[in-house]
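Letter by letter, the chains look like this.
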Amino acid sequence: MKVMVINAGSSSLKYQVMDMDNEMVLAKGVCERIGESGVITHKLPDGQKFINELDMPTHKEAFDAVVDALTNGDGKIIDSLSEISAVGHRVVLGGSKYTESTLITQEVIDTVESLCDLAPLHNSANILGIKACQATFGCDVPQVAVFDTSFHQTMPEEAYMYAIPYEFYEKYGIRKYGYHGTSHRYVSDVCAQVMNKDKKDIKIITCHLGNGCSISAIKNGKCIDTSMGLTPLDGVVMGTRCGSIDPSIVTYLMQKENLDAAQIDSIMNKKSGLLGVSGLSNDSRDVNDAAVNGNERCKLAVKMQHYHIVKLIGAYAAAMNGVDAIVFAGGIGENNPYLRQDIMSRLTYLGVEADQQANSVPHCSDNIKISSENSKVSVFVIPTDEELAIARDTLKIVSSL
């Protein structure tokens, strides 16, 4: 069975086609600058890359470009769309209603649209991707929604509730939802396999570190807490997001700078984090390079991010009354040995002991144990594969129809 995976953003559409008989990627790519003079980059497993610039006024035209790339020209992998049996969509926010992936119906679409206020950029884009697929495939090809938030719905209420008047939870659903759940689920499952343990018997802290960062506490195979909250803004210092701050900063800045809600939201989501502190870039590679070369604000930005990560790992070890394994994943987690070494050096109180030679690999494409044999906590780099997790969920659901 061939499954297509779609991850639609506000101005982009990432795709991947997989043969689920052997879980091999047949092709993948991305449409960028949707709404402008768009461009599609189409890649094959042998390294061939095809780039085509064309108008993409909406996600429908972007999806048409994907279909053309898959069925025509040198990058062709299928003769027609009839060879694709199902489509799996990354959907960022499913709220508390969806605790697992689900077959997309009109009710699902309506629910996802109703949550757009909490994730306006993400959910609206996800809906556009779903509707673009529906316009092309029609109703005969099943589509599945795989929610970033589903994995975190096992959190106990003391972890997901906020200490504000309870009526706001009842009226607006204000609570912690958590994000990156598909990644946290995938790498924690792989971690258990690598350790040759039943996931119900171990405690894992997973660190998904990229431009967006989140950390999760996973006990007995279930998430009991995670760093992102009502929205993806909370938690660790990120590329452009501030992470956890004193809420009074928001109202104070609004008064002092005469800002409205949209302006303060833009500052916290798009102008803060590594970018805001360093004044240089949201890209951790640029910030780290500048820090090494003596840029003091970049040094501070790096220290702040690392401090937040260490603090959350400690908090989650306490919440679970211990930890058996720590996992690094995501663009930064998989490709920044300095960050991993620095974090591990501050966790000696947990019994963490690094294997510096194993950790020195700059770009991890395989699962690697980076703690020593004497370490009381096993530490791994496990490259995340959200697309594979989405494809697996899609296969499981459509196979039961």
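Structure's up top.
Some remarks on the sheet that holds strand 11 (residues 222-226)
Turning to step 1, where the next piece is worked out: In spatial order, the strands read 11-10-9-12-14-13; together these 6 strands make up an open sheet with mixed pairing. What marks the edges here is a single partner per strand, and that holds for strand 11 and strand 13 (368-369).
Turning to step 2, where the next piece is worked out: Lying on the sheet, helix 6 (residues 181-194) is in contact with strand 9 (203-209), strand 10 (213-219), strand 12 (325-329) and strand 14 (378-381); it crosses strand 9 at an angle near 130°.
Turning to step 3, where the next piece is worked out: Across the sheet, helix 11 (residues 296-319) touches strand 9, strand 10, strand 11 and strand 12, and the angle it forms with strand 10 is around 15°.

Thoughts on empty space enclosed by the protein
Turning to step 1, where the next piece is worked out: Applying the stated criterion across every chain, the model contains 2 cavities of 30 Å³ or more.
Turning to step 2, where the next piece is worked out: Lining of the largest cavity is provided by L274, S284, V287, N288, V302, Q305, H306, I332, N336 and L339.
Turning to step 3, where the next piece is worked out: Class assignment of the residues belonging to the lining of the largest cavity gives a composition of 5 nonpolar, 5 polar and no charged.
Turning to step 4, where the next piece is worked out: In this structure, the second largest cavity occupies an estimated 30 Å³ of space.
Turning to step 5, where the next piece is worked out: Lining the second largest cavity, in full, are S188, D189, K199, I202, I204, I218 and G221.
Turning to step 6, where the next piece is worked out: The residue inventory of the lining of the second largest cavity, partitioned by class, reads 3 nonpolar, 2 polar and 2 charged.

Concerning the pairing of strand 12
Turning to step 1, where the next piece is worked out: Counted residue by residue, strand 12 has 5 buried out of 5 residues, so it is predominantly covered.
Turning to step 2, where the next piece is worked out: In strand 12, alternate side chains face the same way, and those of A325, V327 and A329 on one face and I326 and F328 on the other are all buried.
Turning to step 3, where the next piece is worked out: One ladder, built from 4 bridges, connects strand 12 with strand 14; its direction is parallel. Of the residues in strand 14, the one forming a bridge with V327 is F380.

Description of the environment of A125
Turning to step 1, where the next piece is worked out: The topology assignment puts A125 in helix 3 (residues 120-137).
Turning to step 2, where the next piece is worked out: A residue is classified by how much of its surface remains accessible, and A125, at 2% relative accessible area, is buried.
Turning to step 3, where the next piece is worked out: Linking A125 and E113, residues 12 residues apart in sequence, is a C-alpha distance of 10.0 Å.
Turning to step 4, where the next piece is worked out: In contact with A125, not counting residues within four places along its chain, are A8, G9 and S10.

Quick word on the sheet that holds strand 3 (residues 24-32)
Turning to step 1, where the next piece is worked out: With mixed pairing, 8 strands are arranged side by side in an open sheet as 5-4-3-2-1-6-8-7. Every other strand in the sheet has two partners, leaving strand 5 (49-55) and strand 7 (102-103) as the edge strands with one partner each.
Turning to step 2, where the next piece is worked out: One ladder, built from 8 bridges, connects strand 2 (residues 12-19) with strand 3; its direction is antiparallel. Counterpart to S12 in the pairing with strand 3 is E32.
Turning to step 3, where the next piece is worked out: Helix-sheet contacts for helix 3 involve strand 1 (2-8), strand 6 (84-91) and strand 8 (143-147), and the interaxial angle to strand 6 is about 165°.

What to know about the pattern of salt bridges
Turning to step 1, where the next piece is worked out: Per the stated rule, a full pass over the model turns up 13 salt bridges.
Turning to step 2, where the next piece is worked out: R90 serves as the salt-bridge partner of D148, at 2.6 Å between the closest nitrogen and oxygen. You can see D148 sitting in the loop between strand 8 and helix 4 (157-160) and its partner R90 sitting in strand 6, a full 58 residues away along the chain. The pair formed by D148 and R90 is uniform in burial state, with each residue classed as buried.
Turning to step 3, where the next piece is worked out: Close ionic contact of K176 with D225 constitutes a salt bridge, the shortest N to O distance being 2.9 Å. Remark: D225 occurs in strand 11 and K176 occurs in the loop between helix 5 (166-172) and helix 6; sequence separation between them is 49 residues.
Turning to step 4, where the next piece is worked out: On the basis of relative accessible area, D225 is assigned to the buried category, the value being 16%.

Here we look at a nonpolar patch on the surface
Turning to step 1, where the next piece is worked out: Where nonpolar side chains cluster on the molecular surface, the patch consists of I245, I249, Y252 and L253 and spans about 330 Å² of accessible area.
Turning to step 2, where the next piece is worked out: Relative to the helices and strands, I249 resides in helix 7 (residues 248-257).
Turning to step 3, where the next piece is worked out: Overall, I249 belongs to the partly exposed group, its relative accessible area being 37%.

Some remarks on the nonpolar core
Turning to step 1, where the next piece is worked out: The biggest cluster of nonpolar side chains holds 40 residues, and the ones touching the most others in it are I205, I326 and F328.
Turning to step 2, where the next piece is worked out: Among the elements of the structure, strand 9, strand 10, helix 11, strand 12, helix 13 (337-345) and strand 14 are those that each provide at least two residues to this core.
Turning to step 3, where the next piece is worked out: The element best represented in this core is helix 11, accounting for 6 residues.
Turning to step 4, where the next piece is worked out: For I326, the contacting residues outside a window of four places in its chain are I205, C207, I313, L347, V352, V377, S378, V379 and F380.
Turning to step 5, where the next piece is worked out: Formed by 32 residues, the second largest nonpolar core is a distinct cluster that contains V5, V146, A159 and I202.

Quick word on the packing of helix 11 against helix 13
Turning to step 1, where the next piece is worked out: It is the contact of helix 11 with helix 13, at a shortest axis distance of 10 Å, that shows an interaxial angle of 50°. Judged by the angle between their axes, helix 11 and helix 13 are oblique. Here the hand of the crossing between helix 11 and helix 13 comes out right-handed. Residues V302, Q305, H306, I309, V310 and I313 of helix 11 pack against Y338, L339, D342 and I343 of helix 13.
Turning to step 2, where the next piece is worked out: Partitioned by chemical class, the residues of the contact of helix 11 with helix 13 number 7 nonpolar, 2 polar and 1 charged.

Parameters and conventions
- Residues numbered from 1 in each chain as written.
- Predicted model: local features only at pLDDT ≥ 70, side-chain atom pairs only at ≥ 80, totals over all residues.
- Heavy atoms only, no water.
- Pairing = 2+ DSSP bridges.
- Helix = DSSP H or I, 4+ residues; strand = E, 2+ residues; numbered from the N terminus.
- Contact = heavy atoms within 4.5 Å.
- Axes fitted to C-alpha atoms, helices over the stretch in contact; angles between N-to-C directions.
- 1 Å grid on protein atoms, 1.4 Å probe; cavity = no way out; pocket = protein on both sides within 12 Å on 5 of 7 lines; lining within 4 Å.
- Points joined across faces, edges and corners; volume = space filled by probe spheres on them.
- Nonpolar A, V, L, I, M, F, W, Y, C, P; charged D, E, K, R; others polar.
- Buried < 20%, exposed > 50% of the residue type's maximum accessible area, 1.4 Å probe, protein only.
- Salt bridge = Lys/Arg side-chain N within 4 Å of Asp/Glu carboxyl O.
- Patch = residues over 30% accessible without salt bridge, like charges linked within 9 Å, V, L, I, M, F, W, Y side chains within 5 Å.
- Areas by Shrake-Rupley, 256 points an atom, 1.4 Å probe, with all protein chains shown as cover.
- Core = buried A, V, L, I, M, F, W, Y, C linked by side-chain atoms within 4.5 Å.
- Parallel < 35°, antiparallel > 145°, perpendicular 65-115°, else oblique.
- Left-handed = near helix turned anticlockwise from the far one by under 90°.

The values are spatial; any link to function lies outside them.
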